[in-house]
Amino acid sequence: MLMNDLSKHLSPYRGRIAAAQSRVLDRAWFIMGPEVAEFEKQFASYLGVHECRTVGNGTDALELGLRAVGVGPNDTVATVANAGFYTSTAISAIGAQPFYLDVNRQTKVVELTEVQRAIGEGATAIVVTHLYGQAVPDTLEIAQICKENRVWLIEDCAQAHGAQLAGKMVGTIGDVGCFSFYPTKNLGALGDGGAVVTNDENVAAQVSRLRQYGWTAKYQVELPGARNTRMDEMQAAILQEFLPLLDEWNQRRRDIAKQYNTHIVHPGVVLPNVGAADYVAHLYVICSTQRDSLSAHLRATGISTDVHYPIPDTLQPVFAGRFAHVHLPITEQLASETLSLPCYPAMSDADVVKVADAINAWSYSPA
């Protein structure tokens, strides 16, 4: 069983995909055309936000979102270290300094107290990551304290399309929301893609310029730090076809997660919290102190797993010990214990039971 069987997932929608492709081919307009404009309009409407600007991928969305609010070299940007280095990549591209935050053991996302610590240390901006499809529970409180301290709040929503807190979509609570449309995401394209959303027209205008060379007029370059990062028409057309299906897909993901929580009964496995609107089950992540043994057992039964993510940002080789003094005990523990199970909308109930039964049959030796 694959971690994410995209062929199985996409098979029922071949007609929608073909229709989208035909629209683009018939028009022969492939970059920054009507499909991009329409998807930006539709996605903004879905989220309940004024502005949406698409870009080439989710990491560029983070970088351009930070640049658009004015984050520059030597500014301090606070972020978690358990989310795959994507935000760290964006921060490094700007020349800003990352300030790493630890996470809650159960939710695996940042808490208000850590954000308060970062603001006290002079952070210019905070990036909250709605990891694994779990909206950060403290986001509303974090937004308030950021506002009071004139600190920018960026939401990393790459794994949380459609998640809500208090009736508000993630990505609309802070100053800027950043999304990825990588094919395995809750709302995935058939290639790379990303978006920056905001209620600030000036920020949106900056992203529009930054994503296309820094132009303020055609061939007139004024903004430093810009790049060529544009969603193509084909991906925008396909995302228009998929967007109306997102809520249905998210509900199926929640159902799968709830079934896992019901069927997995093993003393060596810690299950995640499974919420309602605040959780869209991008990944279903369990923990075990004997993760490698469990992973090998599942692999032997034909079940694929993955680790999201095995190396905290602070310990990545590229930093060459730069953050050796930073200790994030929960983040470091989770890096050695987390294990992602298959969780995607096309999974059958029988698939879920097969995975759960395999876990329950694992021979566990308590320490």
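Refer to the structure presented above.
Cut-off values and rules
Residues numbered from 1 in each chain as written. Predicted model: local features only at pLDDT ≥ 70, side-chain atom pairs only at ≥ 80, totals over all residues. Heavy atoms only, no water. 1 Å grid on protein atoms, 1.4 Å probe; cavity = no way out; pocket = protein on both sides within 12 Å on 5 of 7 lines; lining within 4 Å. Points joined across faces, edges and corners; volume = space filled by probe spheres on them. Nonpolar A, V, L, I, M, F, W, Y, C, P; charged D, E, K, R; others polar. Core = buried A, V, L, I, M, F, W, Y, C linked by side-chain atoms within 4.5 Å. Buried < 20%, exposed > 50% of the residue type's maximum accessible area, 1.4 Å probe, protein only. Contact = heavy atoms within 4.5 Å. Axes fitted to C-alpha atoms, helices over the stretch in contact; angles between N-to-C directions. Helix = DSSP H or I, 4+ residues; strand = E, 2+ residues; numbered from the N terminus. Parallel < 35°, antiparallel > 145°, perpendicular 65-115°, else oblique. Left-handed = near helix turned anticlockwise from the far one by under 90°. Salt bridge = Lys/Arg side-chain N within 4 Å of Asp/Glu carboxyl O. Disulfide = S-S within 2.5 Å. Patch = residues over 30% accessible without salt bridge, like charges linked within 9 Å, V, L, I, M, F, W, Y side chains within 5 Å. Areas by Shrake-Rupley, 256 points an atom, 1.4 Å probe, with all protein chains shown as cover. Pairing = 2+ DSSP bridges.

**A few points about the layout of surface pockets**
Line of reasoning, step 1. The volume enclosed by the largest pocket comes to roughly 600 Å³.
Line of reasoning, step 2. Residue lining of the largest pocket: 33 residues in total, with Tyr86, Gln159, Tyr182, Lys185 and Tyr309 positioned closest to the centre.
Line of reasoning, step 3. Considering only residue class, the lining of the largest pocket consists of 14 nonpolar, 13 polar and 6 charged.

**Concerning the nonpolar core**
Line of reasoning, step 1. Of all hydrophobic cores here, the largest spans 68 residues; its most connected members are Phe39, Phe43, Ile126, Phe181, Leu187 and Phe242.
Line of reasoning, step 2. If sequence neighbours within four positions are ignored, Phe39 has contacts with Thr54, Phe181, Leu187, Met231, Ala236, Leu239, Gln240 and Leu243.

**Comments concerning the packing of helix H4 (residues 58-68) against helix H8 (residues 201-210)**
Line of reasoning, step 1. Two elements in contact, H4 and H8, have axes separated by 9 Å at closest approach and are oriented at 125°. Taken together, H4 and H8 sit at an angle that is classed as oblique. For the pair H4 and H8, the sense of crossing is right-handed. In this structure, H4 contributes Leu64, Arg67 and Ala68 to the contact, and H8 contributes Val203, Gln206, Val207 and Leu210.
Line of reasoning, step 2. When its residues are assigned to classes, the contact of H4 with H8 shows 5 nonpolar, 1 polar and 1 charged.

**Points about the pattern of salt bridges**
Line of reasoning, step 1. Following the criterion strictly, the structure yields 14 salt bridges and no others.
Line of reasoning, step 2. Of the charged contacts in the structure, one is a salt bridge between Arg291 and Asp292, with a shortest N-O distance of 3.5 Å.
Line of reasoning, step 3. Its relative accessible area of 10% is what places Arg291 among the buried residues.
Line of reasoning, step 4. The network of salt bridges with common partners includes Arg16, Arg23, Arg27, Glu35 and Glu241.

**Structural notes on the state of the cysteines**
Line of reasoning, step 1. For the structure shown, the criterion picks out 0 disulfides.
Line of reasoning, step 2. Here Cys157 stays unpaired: no disulfide links it, and the sulfur of Cys178, its closest cysteine neighbor, is 7.3 Å away.
Line of reasoning, step 3. Residue class for Cys178 comes out buried when judged on its relative accessible area of 1%.

**Focus on empty space enclosed by the protein**
Line of reasoning, step 1. This model, assessed by the stated rule, comprises 3 cavities of 30 Å³ or more.
Line of reasoning, step 2. The volume enclosed by the largest cavity comes to roughly 120 Å³.
Line of reasoning, step 3. Considering the residues around the largest cavity, the lining is formed by Gln106, Thr107, Lys108, Leu131, Tyr132, Gln134, Pro272, Asn273, Tyr279, Leu283 and Val285.
Line of reasoning, step 4. Considered class by class, the residues forming the lining of the largest cavity number 6 nonpolar, 4 polar and 1 charged.
Line of reasoning, step 5. A volume near 80 Å³ is recorded for the second largest cavity.

**Remarks on a nonpolar patch on the surface**
Line of reasoning, step 1. There is a patch of nonpolar side chains on the surface, built from Leu25, Phe30 and Ile31 and spanning about 280 Å² of accessible area.
Line of reasoning, step 2. Tracing the chain through its elements places Ile31 in the loop between helix H2 (14-27) and helix H3 (34-47).

**What about the pairing of strand S9 (residues 194-198)?**
Line of reasoning, step 1. Taking burial as the measure, the 5 residues of S9 include 5 buried ones, the bulk of the element.
Line of reasoning, step 2. Burial along S9 is two-sided: Gly194, Val196 and Thr198 facing one way and Ala195 and Val197 facing the other are all buried.
Line of reasoning, step 3. Where strand S1 (residues 51-55) meets S9, 5 bridges bridge the pair, whose relative direction is antiparallel. Within the sheet, the bridge partner assigned to Glu51 lies in S9 and is Thr198.
Line of reasoning, step 4. Two strands pair when backbone bridges link them, and strand S8 (residues 176-180) and S9 are joined in this way by 4 bridges, in the antiparallel orientation. Note on S9: the bridge partner recorded for Ser180 is Gly194.

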